[in-house]
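Given next are the chains, with one letter for each unit.
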Amino acid sequence: MTTTSPAPQVERVELDELVCWRVRTASAELLVAQQGAQVLSYQRDGEAPLIWLSEQAAFRKGQSVRGGVPVCWPWFGALERNPQAVQALYQGNDAPAHGLVRNLDWQLLEIDTREDAVNLQFALLQPENGLPGWPHHVDLRLHIHLDERLHLSLASHNHGDQPVTVGQALHTYLAVGDIRQARVEGLAGVHYIETLQDWQERTQHGDLHFEAETDRIYLDLPERLSVFDPAWQRRIHLHSSGSRSAVVWNPWIDKSQRLSQFASDAWQRMLCIETANVLGDTLHLAPGEQKSLAVSLWAEPL
Ligand SMILES: O=P(O)(O)OC[C@H]1O[C@H](O)[C@H](O)[C@@H](O)[C@@H]1O
């Protein structure tokens, strides 16, 4: 007799002020907030979490949740650090860090459960006059596909009659057993911008180890990066497409004290690798054009 695993379930839940979707498959659980189409957590049964969610996370309207995968769009970080073509498209005041969409309510367009996979499609369909301060007609869709791996794909579709240039990132918070023992593989020989030292351009020698606050923009990357995590005896893999840049971030001790929704020792258990289109890798969309930024995530035991 063959045993069939239970079909995946998708359930609407409310966490404080936020509507969320809890996805259960035969072997994993994923939680996604409708606000920002933000993946909040992801864990396979019997394993440590792969996506990190702060134990101090607040689920409030208009406020990005600390952890998961915030979507940064149409610029990354501080607007004034973005290329002129990205800055020029914003006409508002006080540009928020990481763009305009992580605190907005997206629409859930589709839930599709198969025997062993789930698809969710969120959309931010913009009116012709665009977002406040950003008058351009570009629709966004985040496609989440969960099978043995987690696949995220962010599509931008320019419906306007002018070209647009955007910076963007899938700002993934990864969970690690101990950041002091972890290292990122795949970066050797890659150029990066050291944002903590006057944005100097440098070259990575060997794997990246963590011994202090780290906030770097890596450029001209390969498609595959991995996190070697001996404390949890595993390696996390990230496979990207539509991206040649990534931000690697750990706030370490001092900055942790200044972050919202962040325990003072949480830096030990997380690491951001943000699959991006930033600086010389920004996204250009001709009128009518659509392009996607994607990442797949999975872990393997050592
Ligand atoms: O606190 P947030 O606005 O969510 O930003 C969190 C972090 O995001 C990125 O990784 C930046 O490179 C960091 O400099 C920033 O501190």
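Here the residue numbers are simple positions, counted from 1 along each chain's written sequence. Selection of residues for local features in this predicted model requires a pLDDT of at least 70, selection of side-chain atom pairs for listing and counting requires 80 or more, and totals for whole chains, interfaces and linings are taken over all residues. Side-chain measures were taken over the full set of non-hydrogen atoms in the model, leaving aside hydrogen atoms and water.

Going by the annotation in an unreviewed UniProt entry, the name recorded for the protein chain is Putative glucose-6-phosphate 1-epimerase, with Zestomonas carbonaria given as the source organism. Taken verbatim from the UniProt record of the protein chain, the Catalytic activity (unreviewed entry) comment is "alpha-D-glucose 6-phosphate = beta-D-glucose 6-phosphate". Regarding the protein chain, the relevant UniProt record gives this comment under Sequence similarities (unreviewed entry): "Belongs to the glucose-6-phosphate 1-epimerase family." UniProt positions are given in the numbering used here, feature names are shortened, and annotations may be inferred rather than shown by experiment.

Working definition: helices are DSSP H or I runs of at least four residues, strands are E runs of at least two. Numbering for both runs from the N terminus. Of regular secondary structure, the protein chain possesses two helices and 22 strands. Relative to its length of 302 residues, the protein chain is compact, with a C-alpha radius of gyration of 19 Å against a globular reference of 19 Å. Projected onto the principal axes, the alpha-carbon positions of the protein chain cover approximately 60 × 45 × 35 Å. Each of the 302 residues in the protein chain was classed as buried or not, and the buried ones make up 53%. Taking the contacts inside the protein chain whose residues are at least 6 apart along the sequence as the reference set, 63% of them involve residues at least 24 apart. Put simply, the protein chain shows about 13300 Å² of open surface, and 45% of that area lies on carbon and sulfur atoms. The globule rule used here is 2.2 Å times the number of residues to the 0.38 power, and the radius of gyration it is set against is calculated over C-alpha atoms. When accessible area is computed with a 1.4 Å probe and restricted to protein chains, residues below 20% of their type maximum are described as buried, those above 50% as exposed, and intermediate ones as partly exposed. Residue contacts are defined here by distance: any two heavy atoms, one from each residue, within 4.5 Å place the two residues in contact. Areas reported here follow the Shrake-Rupley algorithm with a probe of radius 1.4 Å; residue values treat only the protein chains shown as occluding.

Looking now at the UniProt feature "active site" (unreviewed entry) in the protein chain. Mapped onto this structure's residue numbering, the UniProt feature "active site" (unreviewed entry) falls at His171 and Glu274. Maximum C-alpha separation among the annotated residues is 4.3 Å over a sequence range of 104 residues, consistent with a single clustered spot. Those residues in contact with His171 that sit more than four places away from it in its chain are Gly68, Val69, Pro70, Cys72, Phe76, His98, Trp249, Cys272 and Glu274. Within the element layout of this structure, Glu274 appears in strand β20 (residues 270–277). Of the residues examined, Glu274 reaches a relative accessible area of 1% and is grouped as buried.

Right, let's talk about the pairing of strand β1 (residues 9–15) for a bit. We treat two strands as partners when DSSP finds at least two bridges between them. Sheet topology places β1 next to strand β2 (residues 18–24); seven bridges connect them, and they run antiparallel. Of the residues in β2, the one forming a bridge with Glu11 is Arg22. Counted along the chain from β1 to the antiparallel partner β2, the turn is two residues long, and its residue Asp16 has a positive phi close to 45°.

For the rest of this paragraph, the subject is the site of the ligand. Nearness here has a simple test: a residue counts as near a molecule or strand if at least one of its heavy atoms is within 4 Å of that partner. Taken together, Arg66, Phe76, His98, Arg102, His171, Asp215, Val247, Trp249, Lys255 and Glu274 make up the full set of residues near the ligand. Pairs of N or O atoms are called polar contacts if they sit within 3.5 Å, as long as, within protein, a hydrogen donor faces a hydrogen acceptor (for residues adjacent in sequence, only side-chain-to-side-chain pairs). Side-chain polar atom of His98 to an oxygen atom of the ligand: 3.0 Å apart, as the coordinates give it. Contacts to the ligand include Glu274, whose side-chain N or O atom sits 2.7 Å from an oxygen atom. A total of 390 Å² of accessible area belongs to the ligand in isolation, and the protein chains cover 80% of it.

Checked against the element boundaries, Arg44 lands in strand β4 (residues 38–44). Assessed through its relative accessible area of 11%, Arg44 is described here as buried. For Arg44, the side chain forms a polar contact with the side chain of Ser27, separated by 2.6 Å. A polar atom in the side chain of Arg44 sits 3.2 Å from the backbone oxygen of Glu148. Look past the residues within four positions of Arg44 in its chain and what remains in contact with it is Ser27, Ala28, Asp147, Glu148 and Arg149.

Here we come to the pairing of strand β7 (residues 118–124). Every other side chain in a regular strand lies on the same face of the sheet, so the side chains alternate between the two faces. Burial of β7 is extensive: seven of the seven residues sit out of reach of the surface. The side-chain alternation of β7 yields two buried faces, one formed by Val118, Leu120, Phe122 and Leu124 and the other by Asn119, Gln121 and Ala123. Bridge count between strand β6 (residues 107–113) and β7: six bridges; the pairing is antiparallel. Across the sheet, residue Glu110 finds its bridge partner in β7, namely Gln121. Hairpin geometry of β6 and β7 is characterised by an intervening segment of four residues between the two adjacent antiparallel strands. Relative to strand β8 (residues 138–146), β7 runs antiparallel, the two being bridged by seven bridges. Note that in β8 the partner of Leu120 across the bridge is Ile144.

A separate point is the packing of aromatic side chains. For Phe, Tyr and Trp, where Trp contributes only its six-membered ring, two rings pair if their centres lie within 6.5 Å, and the inter-plane angle classes them as stacked under 30 degrees, edge-to-face over 60, or tilted in between. For the structure on display, the rule yields seven aromatic pairs. Pairing Tyr192 with Tyr218 gives two aromatic rings, centres 5.0 Å apart and planes at 35°, and the pair type is tilted. In this pair, Tyr192 sits in strand β13 (residues 191–194) while Tyr218 sits in strand β16 (residues 214–218), placing the two residues 26 residues apart along the sequence. Residues Tyr192 and Tyr218 agree in their burial class; the two are buried. Residue placement shows Arg149 over the ring face of Trp298; its charged tip is 3.6 Å from the ring centre. A ring is scored as having a charge over it whenever the NZ atom of a lysine or the CZ atom of an arginine sits within 6 Å of its centre and within 35 degrees of its normal.

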